[in-house]
Amino acid sequence: MSEPAIELQGISKAFGPVQANKDISIRVMPGTIHGIIGENGAGKSTLMSILYGFYKADKGEIFISGKKVAIPDSQAAIAAGIGMVFQHFKLVENFTVLENVVLGAEDGALLGPSLAKARRELTELAAEYELNVDPDALIEEIGVGMQQRVEILKALYRQADILILDEPTGVLTPAEADQLFRILHRLKDEGKTIILITHKLREIMEATDTVSVMRRGEMTATVKTSETSPEQLAELMVGRKVLLRVDKTPAQPGAAVLEVDNLRVVDGAGVERVKGVSLQVRAGEILGIAGVAGNGQSELLEVLGGMRHGTGSVRLNGNELDLTGTKSDARSRRHRGIAHVPEDRQREGLIMDFRAWENVAFGYEDDPLYSRGMLMDHDALREDTAGKIERFDVRPPNAELPAKSFSGGNQQKIVLAREIERNPDLLLVGQPTRGVDIGAIEFIHQRIVELRDAGKAILLVSVELEEILSLSDRIAVIFDGKLMGERLPEETDEKELGLLMAGMTNAPEGTPVAEAVAENLARVDGKAT
Amino acid sequence: ADPAIIFDLGGKFDKSFNEAAYNGATRWAEETGGTFAEVELQSDAQREQALRRFAESGANPIVMAGFAFGNALGEVAGDYPDTKFAIIDMVVDAPNVRSVVFNEHEGSYLVGYMAAQTSKTNTVGFIGGMDIPLIRKFACGYAQGAKAANPDTTVIANMTGTTGAAWNDPVKGGELTRAQISQGADVVYAAAGGTGLGVLQTAADEGILSIGVDSNQNYLHPGKVLTSMLKRVDNAVYQAMKDGPDMETGFNVMGLANDGVGYAMDENNAELVSDELKATVDAVSEKIVSGEITVHDYMSDESCPALTF
Amino acid sequence: MNELPKWADLFLVPLVGLVMAFALSMLMVLATGNDPMEALSLMITGALGSTYGWGYTLYYATNFIFTGLAVAVAFHASLFNIGGEGQAALGGLGVALICLFFPWPHWTIALVAACGSAALFGALWALIPAYLQAKRGSHIVITTIMFNFIAASLLNYILVNQLRPKGAMDPATAKFPEPTHLPSLGDILGAVGIPFSKGTPANVSLIVALIACVLVYYLIWRTRLGYQIRAFGKSQPAAVYAGINPVRITIICMMISGGLAGLMATNNVMGEAERLILGSVEGAGFIGIAVALMGRSHPVGILFAALLFGALYQGGAELGLWTSIPRELVIVIQALVILFTGALDNMIRSIVARLFFSRKAAEA
Amino acid sequence: MDYLTLLQILDSGLRLATPLLFACLAGLFSERAGIFDIGLEGKMLIAAFFSAATAFSTGSVWLGLLAGIASSMVLAGIHGLASITFRGNQLISGVALNFLASGLTVLIGLSWFKLGGQTPALPREARFNSIDLPFAEALSGVPILGPLYSEVISGHTLLVYVALLCVPATWYILFRTRFGLRLRAVGENPAAVDTAGISVVGLRFAAVAICGVLCGLAGAYLATGLGASFVREMTAGRGFIALAALIFAKWRPWYALYATLLFGLLEAVANRYPSLDLGIVTLPSQFMQALPYILTVVILAGFVGKAIPPRAGGEPYVKER
Ligand SMILES: Nc1ncnc2c1ncn2[C@@H]1O[C@H](COP(=O)(O)OP(=O)(O)OP(=O)(O)O)[C@@H](O)[C@H]1O
Ligand SMILES: Nc1ncnc2c1ncn2[C@@H]1O[C@H](COP(=O)(O)OP(=O)(O)OP(=O)(O)O)[C@@H](O)[C@H]1O
Ligand SMILES: [Mg+2]
Ligand SMILES: [Mg+2]
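Residues numbered from 1 in each chain as written. Chains lettered and ligands numbered in written order. Predicted model: local features only at pLDDT ≥ 70, side-chain atom pairs only at ≥ 80, totals over all residues. Heavy atoms only, no water.

Student: Can you explain the overall build of chain D? Please cite residues and give values.
Tutor: When helices and strands are tallied, chain D shows 13 helices and four strands. Sequence-distant contacts in chain D: of pairs separated by 6 or more residues, those separated by 24 or more amount to 77%. Approximately 10,900 Å² of chain D is accessible, and the part contributed by carbon and sulfur atoms is 68%. (Helix = DSSP H or I, 4+ residues; strand = E, 2+ residues; numbered from the N terminus. Contact = heavy atoms within 4.5 Å. Areas by Shrake-Rupley, 256 points an atom, 1.4 Å probe, with all protein chains shown as cover.)

Pasting the structure below:
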């Protein structure tokens, strides 16, 4: 048996108080595809970034083809034949494709010859691996799929024998993802070693030879793909048997609370992200919006929450909402009875440096309850927070801690407590359980259902199909800024929703689009058994 | 008590106004063996503080060089009735203040006369520091002299700026000189403190003549400086220190008549000024002293017959 | 590396920075052939050794409180207002217009009017950079720098061509009329029987500055607006989510900041010079940056930092008067303080942390 | 205005633009690499002092130039230390260094020369003197172009020509060399540079060092070319005008030349015509002085094209939170 292409021994890495990697060891044989799975924050990216010399490990050793190497920086990794496609691409936006490929791999001090050579080689590589890109296009003007090709080309141009891809399909359409896997297989056939990080069990099962599972910074197992099952992997990932169902009674919908008609949103770059969406949410029901990330659901939520301008018509309890004027901001929305749990709690929902009690007033600092004359009533606020912490089981129950000292799940509970206890007519919820552990997920789901049962309207946006299916009373699917149709959860399944999410409104079985469906199924696989 | 002297922002080695004051003080010290306290101001806000500090420490008299002390002295003088103050270039009306002013227009008239006589292009230049009535007084006297020597003379006058920084911008002084040269000037008179050093430098570089001010600046570029308009600040300072605590106060005008102003002759410019010219200028000087020629003082009515600003 | 406890971060780090700044400066004094200890003691006694020294120290401190608060308020919104210099200059214009062109019966009323006018002029001078930042994304640091220069030119024009009395030499207005003259600290303390040097420029504006400290404290830490300013400063996307209008906060916050800088004019223009002189701000706008950094943008910290810089200025002036060490030493110290407590903050922090934790380890 | 006057103003404008051009290109290198530098003024000032002081003491203008560059690079190094190594606030560091230069030059100047913070006037051999280009005399008779050549183009000091040559050189380095590609990349997305195996710190320090060299040239030119001694605060805001020009030029080398020439010309015009009578209105000298700043604000406001700074500018590169 040959030497492993990569061997990591006892890698540990801490970011301040967070132990991202704990004593991790793996071996990857040459000419194989090795998968790494694990929940958000499990430490996958950190581990690979260490291998690529982006971070320095606190402890541990790295062997490439049996030889111990020091990888203090990416230069060393590149020299060792390692290429990496990061989760967040590392491209210079206003450079051309060619310049990005050449950057750091120039021959000689002058640019001209390097660019000419790269242009030739790029054409060859493109032909060989079906990686067609216009070398003179600016990065900021091409789509993410293209950008990813550029990243792969960068690695190939540097003659990488080991290619690391960090969640490459997260931003891809199913068709693009499909093509990516064809390329990966071709690379593997040529003897290259590939490490693939993903959340999607389906991708692991289909593409990899071996797979490692990470949980909370530790490597919990490494197994042959052929000898495992999705169920086993899921269990390894979250640490216990996964059972996820939401107990809920059938909805008792009342009058329409939210009526959206032909809503359009143009983003800062002038791209239309929401292209004429119409929908309705009634009192006492949950409308779930399913879709692959980046199809306009974020913008939809933000317009309704008052964080963006839009055009069209939105009515709340029959009254028209201002979409562009002075009353189109988030505060006016709150005053009208709309509460909003944002998609990104750390960037938007909380001020990470503020204490928990300060965050409880966030967005509601003008509430008379928290005011004493011209000043804010800190005592009242602390008292209110203590109650919320108790009712939402926030741990540790200390209102004086800054938000950044709470774990992700507890941060989310603080946001939810603030928004749900407003008793809003309409609750907007984006990705309520992203990066939250199973226990907290159940808790959060229950609260949302309780609010529904109290006769409130809820608009839920999630990229987790499973979450959508288990929470929603009705499901709308968004694709490319347009709603592809509406289904009742009991009358549809993941397969059909997957089709809609891929933009197919009515596809007969057995069409090539089935691959796209598989893509979405894989997403579901990641969570459910 | 020892006397004290406060120099203005340019510092005591500005080769010009402050240096003249410094020379006066050192002359007194050398002649009498006495000592004096001194300070160079570094900011406007320090004026009053410096005055008070010296007054409180018992210095007497306190001499200050520069019109900019006017306001501060006005504030302070009354608080220290037993201390005598001497201020140069400004009139402060207080019983314990001697205000020394100079007839710069007279001295400037003389050097203007020499400039016009020396110019081959019939164009002479004037570069002032900060655009204030005092400097216009220099310019106006200079222009009158030049026109008197030769009615066809063109006088080009520029001011460096409107703020205190204008006293200390030799680069701009140089640029203004070049501009005046390109307009035909071949003698330039600088009444601009530190800025003037740039004027004299550029004039020397470009091969024209310049006229210094306040101190004798002929030595700065031997053979390139036609003369210097002497303003005997040194004499005023010397006198005040010599008079000591019993100094007579009041208004004190120093002009041609009492050697308060004049023009400088030494070995550095001996070649430049012919005996003939020197004789004529001395004659003019006498006429001014005798009252036969009256030189208009710009500051008397803020107007100038020979020059528009 | 563990994080420092809050108190160490708030006090120890700036203190170490300060000590390093002084140590370096004193080395420089040594290098120029003077005795650093003598210089230091002269500075300290000159600044704090007599009521005369205190009078000047407090006068300078008053200026720095205003500009320090100005910088701090903007800092809380993550805005770097480097334009205190220009705003304070325009505040001076506001004071001058009020004092020169209205007949005031008593200084108290004149002071109230002058405060309003100074704050208004300073605020308006901050308005354009604020608007451009909020609406058009023009970097506020650059625009406020530009506005400092524009303010200098504008004031130059107004003073030289409009407000300078005929025949006067320096670019300054006429003396303000008697009823607008503010009582000095000596007058006030004398009235209550405390002997205090009368010849110093510290005046009743000090009380205005102290009131400003209290108001800023309440503004930032107790009011909704302050909450919004701080939230906006921490995270702009979050502010949008909360319905805090970025344009509104930027403009309001910068106007408060500019107004505070403008208020400085009650001290230097109305209280001290009693006329408006060109360049009367004398860099206090920039010292405000150092004061805010040292004071960690908190009014109490700013108060102490302003006192420190006030003493530094007065001590430096004494140095200039009595030794051959020029007053520019103060500028060097000030530069080093800004460098160590601002730009090299992380370096100091890591040094302190190393000392701190090695001590702890030794104790344990 | 006759042709000759025009030429003379152009001539003066070119001289006055030179320090701005050096400083502007200095800022360009630094900011293109993502390090904002409002300390151009301070670096120029300290270079002006040390070049004049050294030139006076040694009598050699070349040693003066070296000393000027070295001193400017020391400040640049501190800026690099603060903003690159310790990831401090670049703006605050710039402010501090401006103060430092302003204080140190006077402190040392007083201690060495006792001339109120100035250096003594430099003798001829301790200064850069103007050089006449070939045929300047001969061609001056040719109509129109002759005087243009002999008045405006010929007869400057060496550093003026160096500054002009720096423009194409900067362009070439930035857009035609490996170093330039990397430099621009590190100002746009340092993570891209890092993962490409290039040292972000190294690149940024290199850029800051170049900035130091160019500021050194600017300061040396002020004190030993344009002027003939150091005077306290002799940069008189030129570092900030250069910064304004940099924004005006949208961080591009050729535009930097045009912007600094424009600002130099404005200064020349203001020297020549303290208040500019335009027939309808008379512009006071103060307006002319403020014009570069006003123009920059207008540009920044985006009313005349948009100035987009390098994207990673002003932000320290932090990998680990
Ligand atoms: N640069 C950093 N500085 C500080 N902490 C970090 C940094 N990068 C990651 N972390 C922390 O390290 C832990 C592991 O993060 P990592 O990005 O490796 O997880 P992951 O498994 O890739 O998650 P995901 O699936 O969300 O990409 C997390 O708690 C994260 O917050
Ligand atoms: N920046 C920080 N400062 C202080 N403590 C932190 C910081 N980041 C994380 N922690 C602490 O580290 C612990 C782990 O955080 P992490 O986000 O990984 O939690 P978790 O195990 O994923 O929990 P959850 O499932 O609720 O997200 C938390 O308890 C939190 O208090
Ligand atoms: Mg990751
Ligand atoms: Mg977590």
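Next comes the rest of the description.
Student: Any details on the sheet that holds strand β1 (residues 4-7) of chain B? Residues and values, ideally.
Tutor: Residues and elements named next belong to chain B. Pairing within the open sheet is parallel, and its six strands lie in the order β2-β1-β3-β4-β5-β11. The open sheet has two edge strands, β2 (37-40) and β11 (250-254), and neither has a second partner. Averaged over all pairs of adjacent strands, the angle between their axes in this sheet comes to 15°, without regard to strand direction. Note that β1 and strand β3 (residues 62-65) share three bridges and pair parallel. Residue pairing for β3: Ala4 is matched across the bridge by Ile62. Against the sheet, helix α2 (residues 46-56) makes contact with β1, β2, β3 and β4 (85-88), and its axis sits at roughly 170° relative to β1, the strand it touches most. On the sheet, helix α3 (residues 70-77) packs against β3, β4 and β5 (97-102) and is oriented at approximately 165° with respect to β4. (Pairing = 2+ DSSP bridges. Axes fitted to C-alpha atoms, helices over the stretch in contact; angles between N-to-C directions.)

Student: Provide a residue-level description of empty space enclosed by the protein, including the pertinent values.
Tutor: As enumerated under the stated definition, the model contains eight cavities of 30 Å³ or more in all. If you add up the space inside the second largest cavity, you get close to 100 Å³. Lining the second largest cavity, in full, are Tyr52(A), Ile82(A), Gly83(A), Met84(A), Phe86(A), Lys90(A), Glu151(A), Lys154(A), Ala155(A), Arg158(A), Thr195(D) and Ala196(D). Only β6 (82-85) and α5 (144-157) of chain A provide two or more residues apiece to the lining of the second largest cavity. Among the residues making up the lining of the second largest cavity, the classes are represented as six nonpolar, two polar and four charged. (1 Å grid on protein atoms, 1.4 Å probe; cavity = no way out; pocket = protein on both sides within 12 Å on 5 of 7 lines; lining within 4 Å. Points joined across faces, edges and corners; volume = space filled by probe spheres on them. Nonpolar A, V, L, I, M, F, W, Y, C, P; charged D, E, K, R; others polar.)

Student: Break down the state of the cysteines for me, citing the residues and quoting the values.
Tutor: Counted according to the given criterion, the structure contains one disulfide over all chains. The partner cysteine of Cys140(B) in its disulfide is Cys304(B), sulfur to sulfur 2.1 Å. Because the sign of the S-S torsion sets the handedness, a value of about 95° for the bond joining Cys140(B) and Cys304(B) places this disulfide among the right-handed ones. Highlighted residues: Cys140(B) in helix α5 (residues 133-149) and Cys304(B) in the segment after α10 (298-301), separated in sequence by 164 residues. Here Cys140(B) matches Cys304(B) in class, with each residue buried. Unpaired in terms of disulfides, Cys253(C) finds its nearest cysteine sulfur in Cys213(C), a separation of 16 Å. (Disulfide = S-S within 2.5 Å. Buried < 20%, exposed > 50% of the residue type's maximum accessible area, 1.4 Å probe, protein only.)

Student: Would you mind going over the coordination of the magnesium ion (ligand 3) in detail, with residue names and values included?
Tutor: Residues and elements named next belong to chain A. Surrounding the magnesium ion (ligand 3) are the protein donor atoms Ser45 (OG) and Gln87 (OE1), which sit 1.8 to 2.3 Å from the metal. With Ser45 in helix α1 (residues 44-51) and Gln87 in the loop between β6 and α3 (97-102), the pair connects residues that are 42 residues apart, well separated along the chain. You can call Ser45 partly exposed: its relative accessible area is 23%. A relative accessible area of 32% means that Gln87 is categorised as partly exposed. (Donors = N, O, S within 2.8 Å, 3.2 Å for Na, K, Ca; no water.)

Student: Tell me about the pairing of strand β16 (residues 338-341) of chain A, residues and numbers included.
Tutor: Residues and elements named next belong to chain A. The two faces of β16 match: Ile338 and His340 on one face and Ala339 and Val341 on the other face are all buried. Bridge count between β16 and strand β19 (residues 426-430): four bridges; the pairing is parallel. Counted as the bridge partner of Val341 is Val429 from β19.

Student: Tell me about the site of ligand 1, and please be specific about residues and values.
Tutor: Around ligand 1, a shell composed of 18 residues is seen, among which Gly41(A), Gly43(A), Lys44(A), Ser45(A) and Thr46(A) lie nearest. Near ligand 1, the surrounding residues are drawn from chains A and D. A distance of 2.9 Å is found between an oxygen atom of ligand 1 and a backbone nitrogen or oxygen belonging to Gly43(A). Contact distances for ligand 1 include 3.0 Å between an oxygen atom and a side-chain N or O atom of Gln87(A). Across the complex, the protein chains shield 79% of the 620 Å² of accessible surface that ligand 1 would expose by itself. Where the shell around ligand 1 is concerned, the elements lending two or more residues are β2 (18-28) and α1 of chain A. Take the shell around ligand 1: its biggest share by element is three residues, from α1(A). Along the lines of polarity and charge, the residues of the shell around ligand 1 split into five nonpolar, seven polar and six charged. (Near = heavy atom within 4 Å. Polar contact = N/O pair within 3.5 Å; in protein donor to acceptor, adjacent residues only side chain to side chain.)

Student: Account for the pattern of salt bridges, with residues named and values stated.
Tutor: Under the definition given, this model contains 72 salt bridges over all chains. Across the pair Glu151(A) and Lys154(A) runs a salt bridge whose closest N-O atoms are separated by 3.4 Å. One end of the pair is Glu151(A) and the other is Lys154(A), both in helix α5 and three residues apart, which spans about a single turn. Overall, the relative accessible area of 2% leaves Glu151(A) in the buried class. Each of Glu175(B), Arg178(B), Glu206(B), Asp11(D) and Arg15(D) takes part in one network of salt bridges that share partners. (Salt bridge = Lys/Arg side-chain N within 4 Å of Asp/Glu carboxyl O.)

Student: Kindly report on the interface of chain C and chain D, identifying the contributing residues and their values.
Tutor: Taken together, the 40 residues of chain C in the interface contact 43 residues of chain D. When the two sides are added together, the surface that chain C and chain D hide from each other amounts to roughly 3,500 Å², 81% of it contributed by carbon and sulfur. When residues of chain C are sorted by the area they lose upon contact with chain D, Arg136(C), Met146(C) and Phe149(C) head the list and together hold 16% of the total. Put simply, chain C and chain D have one salt bridge between them. Taking the shortest distance from any N to any O, the salt bridge between Glu328(C) and Arg232(D) comes out at 3.2 Å. Counting across the chain C and chain D interface gives six residue pairs in polar contact (both at pLDDT 80 or more). Residue assignment for the side of chain C that touches chain D shows that the elements contributing at least two residues are α5 (107-136), α6 (140-163), α13 (284-294), α15 (328-343) and α16 (345-363) of chain C. If one sorts the elements of the side of chain C that touches chain D by residue count, α6(C) sits on top with 13 residues. Tallied by class, residues from the side of chain C that touches chain D come to 28 nonpolar, 10 polar and two charged. (Buried area = accessible area lost by both parts, 1.4 Å probe.)

Student: Break down the nonpolar core for me, citing the residues and quoting the values.
Tutor: In a soluble, globular protein the nonpolar side chains are often hidden away together inside. By size, the foremost hydrophobic cluster in this structure holds 364 residues, and its most contacted members are Leu51(A) and Leu184(A). Top element by residues in this core is helix α3 (residues 51-76) of chain C. It accounts for 15 residues. If sequence neighbours within four positions are ignored, Leu51(A) has contacts with Ile6(A), Leu8(A), Ile62(A), Ile64(A), Ile71(A), Ala77(A), Ile82(A), Ile164(A) and Ile195(A). Val111(B), Ala139(B), Cys140(B) and Ala191(B) belong to the second-largest nonpolar core, a separate cluster that totals 72 residues. (Core = buried A, V, L, I, M, F, W, Y, C linked by side-chain atoms within 4.5 Å.)

Student: Hey, could you go over the arrangement of the chains for me, with residue numbers and the actual values?
Tutor: By number of contacts, the leading pair among the five pairs of chains in contact is chains C and D. The two units chain A and chain B never meet; even their closest C-alpha atoms stay 41 Å apart.

Student: Quick rundown of the UniProt feature "transmembrane region" (unreviewed entry) in chain D? Include the residues and the values.
Tutor: Residues and elements named next belong to chain D. The UniProt entry lists residues 12-30, 65-84, 91-113, 158-175, 196-223, 229-249, 254-270 and 290-309 under the feature "transmembrane region" (unreviewed entry), expressed in the numbering used here. In this annotation, residues 65-84 is assigned 100% helix and 0% strand; the end-to-end C-alpha distance for the span is 27 Å. Span residues 254-270 is 100% helix and 0% strand, its end C-alpha atoms 24 Å apart. (UniProt positions renumbered as here; feature names shortened; annotations may be inferred.)

Student: Outline a negative patch on the surface, supporting the account with residue identities and numerical values.
Tutor: Among the surface-exposed residues, Glu124(A), Glu128(A), Asp189(A) and Glu190(A) lie close enough to one another that they form a single negatively charged patch. Within the secondary structure, Glu124(A) sits in helix α4 (residues 111-129). (Patch = residues over 30% accessible without salt bridge, like charges linked within 9 Å, V, L, I, M, F, W, Y side chains within 5 Å. Lys, Arg positive; Asp, Glu negative; His and termini not counted. Charge placed at Lys NZ, Arg CZ, Asp CG, Glu CD.)

Student: Help me get a handle on the side chain of His378(A), residues and values and all.
Tutor: Mapped onto the secondary structure, His378(A) falls in helix α13 (residues 378-391). You can call His378(A) buried: its relative accessible area is 12%. A distance of 2.6 Å separates a polar atom in the side chain of His378(A) from a polar atom in the side chain of Arg222(C).

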